[in-house]
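# Topology and contacts: notes
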Amino acid sequence: MQTLELHHNMLTGQLPGAWAGMNLLEVLDLSSNRLVGSLPDSWARMSFLSVLSLQNNSLTGTLPVEWAEQRALLNLYLANNKLTGSIPPALGTLRNLYALNVMQNKDICGNVPSQVSDIVDGLNSTKINTTCHWEADAEHLLAFKAAVADPSAALATWRQGSNPCGAEPWHGVSCKDGRAVAVLLGGQSLRGPLTKGLVKVANLHELHLDNNQLTGTLPASWGEDAVPSLAVIDLSQNGLTGPLPDTWSRLVSLQRVNLSFNDLNGQLPEAWSAITNLTTL
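Calculation notes
- Residues numbered from 1 in each chain as written.
- Predicted model: local features only at pLDDT ≥ 70, side-chain atom pairs only at ≥ 80, totals over all residues.
- Heavy atoms only, no water.
- Phe/Tyr/Trp six-rings, centres within 6.5 Å; stacked < 30°, edge-to-face > 60°.
- Helix = DSSP H or I, 4+ residues; strand = E, 2+ residues; numbered from the N terminus.
- Buried < 20%, exposed > 50% of the residue type's maximum accessible area, 1.4 Å probe, protein only.
- Pairing = 2+ DSSP bridges.
- Axes fitted to C-alpha atoms, helices over the stretch in contact; angles between N-to-C directions.
- Expected span 1.5 Å × (residues − 1).
- Contact = heavy atoms within 4.5 Å.

This brings us to the packing of aromatic side chains. Pairs of aromatic rings are described using the distance from one ring centre to the other and the angle between the two planes. Enumeration over the complete set of coordinates arrives at five aromatic pairs. Relative to Trp43, the ring of Trp19 has its centre 6.5 Å away and its plane inclined at 5°; by these criteria the two rings are stacked. With Trp19 in the loop between strand E2 (12-14) and strand E3 (27-29) and Trp43 in the loop between strand E4 (34-37) and strand E5 (51-53), the pair connects residues that are 24 residues apart, well separated along the chain. Assessed through its relative accessible area of 22%, Trp19 is described here as partly exposed. Judged by its relative accessible area of 0%, Trp43 falls in the buried class. With a centroid separation of 6.1 Å and 5° between ring planes, the pair formed by Trp248 and Trp272 is classed as stacked. Taken together, the residues span a long stretch of sequence, with Trp248 in the loop between strand E19 (239-242) and strand E20 (256-258) and Trp272 in the segment after strand E21 (263-264) at a distance of 24 residues. The exposure class of Trp272 is buried, given its relative accessible area of 10%. Taken together through their ring pairs, the aromatic side chains of Trp19, Trp43 and Trp67 make up a single cluster.

Here you go:
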């Protein structure tokens, strides 16, 4: 089958990832239905697909960077959905792409990759070319992902260009009012160091990385860089070493800290007496 047109029906449900097996399909039109859910990464394997129309549905999530593998793609119509995030720069490698319509997806934001700037339709009905409000938070979290080994793929949903608190929140990220307020990644077999930016997530209240295989020292910079909302840190049952940083005395909003079952050493910092809200240590 080369052409499948199912537009203007009342079809419901999600886009089947298994349809990637239709690898001879050239035209797929599912526009004007009642489809929901995300855009399947697996559709990148539709190597002959030249026209894909999904407009006028209720699709969510981000544009998969994997779709840059659809080398035959000419026209991609995604208008009037509920998509979020930025346009992946990798789509700029699609030399045959002639039209990319993202109109009426009000939460698509960020800069348009220069390679596709002249073919994108939707600049006036989205937040394109404005900074995504979650972009800084995502960068801090992605820096942690890049620094650790993740054998259980716990961070697989943490993707460049996607909103940690979008329609499909990142695994282990708890959100409130569209912003990340907690990182809950206990027992995920993560291996590697703590990164400086973890505590810079704007509205972060709780950080739980207990029962992993984290190593290295407690970042002294956390005492200088942490957001004022940070109240809970649980790093218990890891392999952390070194002293308790004096600078953590500046984390005046801390209420609970659990650093048990590590290999920490040195003296108890007198400066920590300044953490007057601390109830559990």
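The next point concerns the sheet that holds strand E16 (residues 206-208). Across the sheet, which stays open at both edges, the five strands sit in the order E13-E14-E16-E18-E20 with mixed pairing between neighbours. On the outer flanks of this sheet lie strand E13 (173-176) and E20, each paired with one strand and no other. The mean angle between the axes of side-by-side strands here comes to 20°, regardless of whether they run parallel or antiparallel. As judged from the three bridges shared by strand E18 (residues 232-234) and E20, these two strands associate in the parallel manner. In the strand pairing of E20, Asp234 is matched with Asn258.

Before going further, it helps to spend a moment on the sheet that holds strand E15 (residues 191-192). A sheet is described by the order of its strands in space; here four strands give the open sequence E15-E17-E19-E21, paired in parallel fashion. Where the open sheet ends on each side, the last strands, each with one partner, are E15 and E21. When strand E17 (residues 213-217) meets E19, the two strands line up parallel, connected through three bridges. Following the sheet pairing, Gly216 is matched in E19 by Leu240.

Counted at 1.5 Å a residue, the expected span for helix H1 (residues 135-147) with its 13 residues is 18 Å, and the 19 Å between its end C-alpha atoms agrees. Considered for burial, the residues of H1 that qualify are Asp137, Ala138, His140, Leu141, Leu142 and Phe144. Elements in contact with the buried residues of H1: E13, strand E14 (179-184) and E17.

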